Each structure stands twice: as structure tokens, then as C-alpha cells.
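An overview of the molecular structure
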Amino acid sequence: MAFPRERILDALARLTFIDAGELAPILGEPLATTHRALSVLLKDGLAGRGSHGTAHLPSSHRYYLAKKGIVEAADALDYYAPSDLVRAYPVSRQWLALLIRRMDAVASIYRLAATLSPGVDGLETRVEFHRRGRFDAVITLHNGRSFGVVRQGLALRRRSLYDRLRAIAEYHHNRRPSAVLVLVPSPWEQRLTDEFCLNVDLQDCYVGVESRETLEAWDRQAWISSNWTFGRTYRTLEQVVSQAIHGGWFHPEAPERKRASLPDPQRMVQSAPAFGISPAEKRALDLITDHPMIPREHLTHWLGVSDGRVSQITRSLQDTWGLIEQHGKRGDVRYTLSDRGIRYVTHRDRAQLATTMAAWSTEPSADNHGRPRALGHRILTWQRQTSHADGITWFLSELAAEAKEDGDSELQWSIPTARSDRAFNRGEDAIAPDAVGHLLVNALHVPFYLEHELRARHPRGVAARLRPYIRYYRSDAPRDDQPPFPTTLFVVDTEEVAETYASTASHMPAMKLPILVSSREVLSDRGILGRSWRPLWEPERAPLALRELDGYEWDGLRRRMRRLETRYSC
């Protein structure tokens, strides 16, 4: 059965930049019918489409009303003039500019809404994006169950996310949707955010990692929620929907009316980096965002592509779109965000421009004493600790390259220094690793903290570096942060320093903890996945490979590592 002309025009006006596979379940119609209706609009010049993909969603065609389509929609939907339509629907030039800036988040929300929708019998789902406020969007099903979506991008600080969630927890019940869905970049933020929601008593809050599996899977236990009775529980989207309160419709406060100008959608789409950048280029941009001033060779290893392919990616990001800057000369080329790139990630993630500029900007400035310095504090930190920063990106990029070459291993995710701190014991103690990550090696899960240590070289300094982790492993935080238990990897510059770590640990009775140490020279020779790691819980033992950790387990009761009866051997 064909779509009525008015219905498809109304749907495309309400759901700008949606693809056919998402529009069909949201409208509760067959995909073939929806695709046919969109094709007719495209053929008649009433709609346009642009290719868009993200680092976690494949490229697809996203449809929007063209200039001619806006005029047609105004007539079909009984508006006096197109200017009246763009005030009632999110198709004005101001709305399109906003949606294009946030396009990566918009795509994730549409995909989530499609998964939540029944997709049958014309049961429609509403998706309303917010210009401002705590929610990025609200998804309302046909039966009135509503889901407020909050997304944390790489540019949004953890504190800013928590401020939004704290404000939502304080909302009156009729200003809250049935449930709150929080999308975060990694399992590390997922567990920390879930703990925060529990502490502020934000009920009916579910936290998921922004990935294709999480957004599309109806029956995958990818969403976590905690309460004081049962602790942390993993739930499917089906369970989330079934447990949402079946109540009235969620009505947010009406925003102020702003100017609503007639747009030129095709021109706006063609000039937008969100549509012009490929998923591979967005992946590279994410790495540069997380690791400013990353060396070119590290970026090449991390992406697992040829040097020529990296040239294509960086040329597009730098010359075509102006999102990154190149620093240094041949042999020592580095990449970081340009001012335009900072604005791009700021708008994409709904962050504050002043905050992001203060973090990433390379603009020359001066300190309180008039001495020259970079404006961005992350750039300044890199300038002061170049060797340390390069060591971190070297390790992570080499680990990613080795895992990819191995075939049975994968660096599933990693978190940079700026977001890796962890307070525990009610905030009285804290660790601040240089990176956090999760490695899958030969079907063995190895969550880890990385400490690239260049300063602690003598027993007294080594003991001081190990004590925060002694307190950490004595708490319940490791089990909650990175189950089944995280391993801490200390990387030092020479084998002599690694020997100092082993001898110091042998005189510390509390050091029966999952901490390993290796040196840069050994890792370069034997490989990060090779037998390169000295276990500090058995200082006299020969070096281990990370895959051999399956011969040990963490005794949570006694807070110590112990061997399994059947050890792995090769």
C-alpha cells in the first residue's frame, strides 16, 4: 500500500536526515513501502539525500526536504506559506544548521529510536531533538512511554555530563520521561556514569556504550543500571522498554521562539564536514582528539593502514576541511585539532566552546608572568612532557597494530590520560593512570591500566608509585570498574629500572597484586604481546606473555593473585 503524499512529507519534515531503514520502523511501515515513497520524492526533486557515516555506524543515505519539497509540504499540510511550515517543523535554516552540527549524535538517536519502535501496523514513534537543555532528544513510543537520551561525546567533560544528569535527577516527575538512556564512548565511562546515577538517585537510568551493537540489538544485554538492592544489572532494550513506566506523554518546557529562515538544504549538506568526512576519517579525527600532537607514525600503526592511506586521510582532514593542523617537519610530523576542528567537535558533542578551546587550542598565549605558552592546557602538557605523551601513544598504537596482526587479538577500546582518573573509597583515594584499555587476546579478556613511568627509577620512588594501586586493589572498585579484574602495566625506559620494580615489590608484602612491569627496549624486541612482562606478584618468575594471564586469577577475598591448578603452557 502506497504512502499518502501528506504523510511522507510530514514524516520527512519531522525527521530530517533520517535514512530509509530507520524511517520504516519509526513509522511502523514496511521498508519497501517507505523506500518507494522516498524514491518518488527524490525523483520529483522534493527531497535530497546525503551520504553519512560515523566511526561506529556504516555510511547510509540520509534524506531531507529540498527547497521545492518545503514549498510542497507547506501546501500539502495546509500551511499558508513555507515560512509558517519552517516555524512549526525542524526544517528551518537554523534547525538544519543545528542538526548538521550534531549529525553523528542525530544518526545514533535515529538508530536507537528505530530499534525501540514496534515497527508494525502504523504505530508511530516520535523523535524530538532539543536545541538546549539536559536531553539531546526525547523518543516517545506510540503508547506514551518516553525515553530521554543524553549523549557524551569525546569533547564533553565527565563533569559536564554529570551536571546534566544531576539536574535530570532533580526534575519534577512530570518533567521527566519514563526512562533516561545515556550513551557514552566506552565501557569505562559506562560503569563510572552508572555509579554516578546510583549515587544521585537517578532512577530508571540506563547507560550504554555508543556502538552499532548497542544501538541496533533488541535482545543484547548492553545497558546497565544499578540499584541499592540488586547492585549492577545488565539489561536488554526489550527489558528497558518493558520496565519503563506506562504513563502520560512527556512534555518538555517549550523553548523560546527564534528566527526561522527558509533554508538551502542541499548547499548546507554539501558544505558540512559531518557529511563530507568518511567513517575512517572520523576515526582518525577521534584519535587526534584524544591524543593531541600524535606523531604520524603512531597514527599510522593505530589505524592499521598504509602510509599512503594516512596521507589521504590527513589531507582530507587538513586541506579539504581544515579540521586538523600539521606540526613539525618531515620525520617528526604531528597532528592536532585546528580551531575549526575544535569548533566541529564542540558542536558535535554539545560541549562549551570556551572549555574546548582552553583544552586543545594551539593559539599562542602568555601565563600570569607574561611568559609565552599555548592557550590549550592539553597542548601545554604535551610541550612539558613530550617524551611521556609520545610513550603513551607509542604503546597504544603498537598494541593495536600487534593485536591486528595477530588475528586472534584486538585492542577493543582505550581511554586517554585526560579521562582516565578514578576516585574511589568515597573520593578519599584516587588513581590517575596514563591510559585505560581493554585487550582481547586469544579469547582472554585483559582489561588494563597503563602507567608509562619515566621518573620513578629508585626504590623509594617506585614504592611511592605502587602505593596508590595497593589501596585501589584493596577496595571494591576494581571489580566494578573492569571485571573480572584489571591488570596494571608499568612501562619503564630500561631493563635496569624494571629490575628495580621487581626487587622493590619483593620487599613489599602487600604486592601480591595484578601488576606487571616491562621496559621499552624489551617491548620493542619481544613485542607487547610476547613474553615481555615481569609479574610483580611473583618477582622471581620468568617474564609472562599477556595471554598467559589465563593461568592466574584474582582472589577478591584475600586481595591477591593466585595460580590456577591447570596453567596455560605452550
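Below is a short write-up of the structure. What you see is a predicted model, and the numbers here were worked out from it, not measured in a lab.

Some remarks on the pairing of strand S21 (residues 515-519)
Across the five residues of S21, five count as buried, placing the element largely inside the fold. Alternating residues of S21 divide into Ile515, Val517 and Ser519 and Leu516 and Ser518, and every residue in both groups is buried. Taken together, the five bridges between strand S20 (residues 487-492) and S21 define a ladder with parallel strand orientation. Across the sheet, the residue bridging to Val491 is Ser518, located in S21. Following the backbone out of S20, through helix H23 (residues 495-506) and into the adjacent parallel S21, one traces a crossover that is right-handed. Relative to strand S22 (residues 534-535), S21 runs antiparallel, the two sharing two bridges. Note that in S22 the partner of Val517 across the bridge is Arg534.

Describing the side chain of Glu548
Along the polypeptide, Glu548 turns up in the loop between S22 and strand S23 (552-555). There is a polar contact of 3.0 Å between the side chain of Glu548 and the side chain of Arg531.

Brief notes about the sheet that holds S22
Spatial strand order, S15-S18-S19-S20-S21-S22: six strands in an open sheet with mixed pairing. Pairing within the sheet leaves two strands with one partner each, and these edge strands are strand S15 (409-415) and S22. The pairing of strand S18 (residues 435-441) with strand S19 (residues 444-452) spans seven bridges and is antiparallel. If you follow Val436 over to S19, its bridge partner there is Tyr449. Each of S19, S20 and S21 touches helix H21 (residues 459-474); the most contacted strand, S20, lies at about 175 degrees to it.

Side note on the packing of helix H1 (residues 5-14) against helix H4 (residues 67-76)
H4 packs onto H1 with a crossing angle of 125 degrees between their chain directions and a minimal axis gap of 10 Å. Accordingly, the angle class assigned to the pair H1 and H4 is oblique. Here H1 runs over H4; the crossing is left-handed. Two secondary-structure elements touch here, H1 through Arg5, Glu6 and Leu9 and H4 through Gly69, Glu72, Ala73 and Ala76. Here the contact of H1 with H4 is composed, by residue class, of three nonpolar, one polar and three charged.

Quick look at the sheet that holds strand S9 (residues 231-235)
Reading across the sheet, the seven strands line up as S3-S4-S5-S6-S7-S8-S9 and stay open at both edges, with mixed pairing between neighbours. The two strands at the open ends of the sheet, each matched to only one other strand, are strand S3 (126-129) and S9. On average, each strand axis in the sheet is inclined to that of its neighbour by 25 degrees, with strand direction left out of account. Pairing of strand S4 (residues 137-140) with strand S5 (residues 146-151), which is carried by four bridges, proceeds in the antiparallel orientation. Across the sheet, residue Ile139 finds its bridge partner in S5, namely Phe147.

Quick notes on the pattern of salt bridges
For the coordinates displayed, the defined rule picks out 40 salt bridges. Linking Arg166 and Asp163 is a salt bridge whose minimum nitrogen-to-oxygen distance equals 3.1 Å. Placement of both Arg166 and Asp163 in helix H8 (residues 158-169) is noted, with a separation of three residues, approximately one turn of the helix. Taking the relative accessible area as the measure of exposure, Arg166 reaches 36% and is therefore partly exposed. Residues joined in a network through salt bridges with shared partners are Asp19, Glu22, Arg62, Arg111, Arg212 and Glu216.

Examining unusual backbone geometry
In this structure, the amide linkage connecting Pro483 to the following residue, Pro484, adopts the cis form with an omega of 5 degrees. Residue placement: Pro484 occurs in the loop between helix H22 (477-481) and S20. At Met293, a residue that is not glycine, the phi angle is positive and equals roughly 65 degrees. When its relative accessible area of 6% is taken as the criterion, Met293 is described as buried.

About the thresholds
Residues numbered from 1 in each chain as written. Predicted model: local features only at pLDDT ≥ 70, side-chain atom pairs only at ≥ 80, totals over all residues. Heavy atoms only, no water. Buried < 20%, exposed > 50% of the residue type's maximum accessible area, 1.4 Å probe, protein only. Helix = DSSP H or I, 4+ residues; strand = E, 2+ residues; numbered from the N terminus. Pairing = 2+ DSSP bridges. Right-handed = clockwise from strand over helix to strand, strands pointing away. Polar contact = N/O pair within 3.5 Å; in protein donor to acceptor, adjacent residues only side chain to side chain. Contact = heavy atoms within 4.5 Å. Axes fitted to C-alpha atoms, helices over the stretch in contact; angles between N-to-C directions. Parallel < 35°, antiparallel > 145°, perpendicular 65-115°, else oblique. Left-handed = near helix turned anticlockwise from the far one by under 90°. Nonpolar A, V, L, I, M, F, W, Y, C, P; charged D, E, K, R; others polar. Salt bridge = Lys/Arg side-chain N within 4 Å of Asp/Glu carboxyl O.

In short, shape yes, function no, at least from these values alone.
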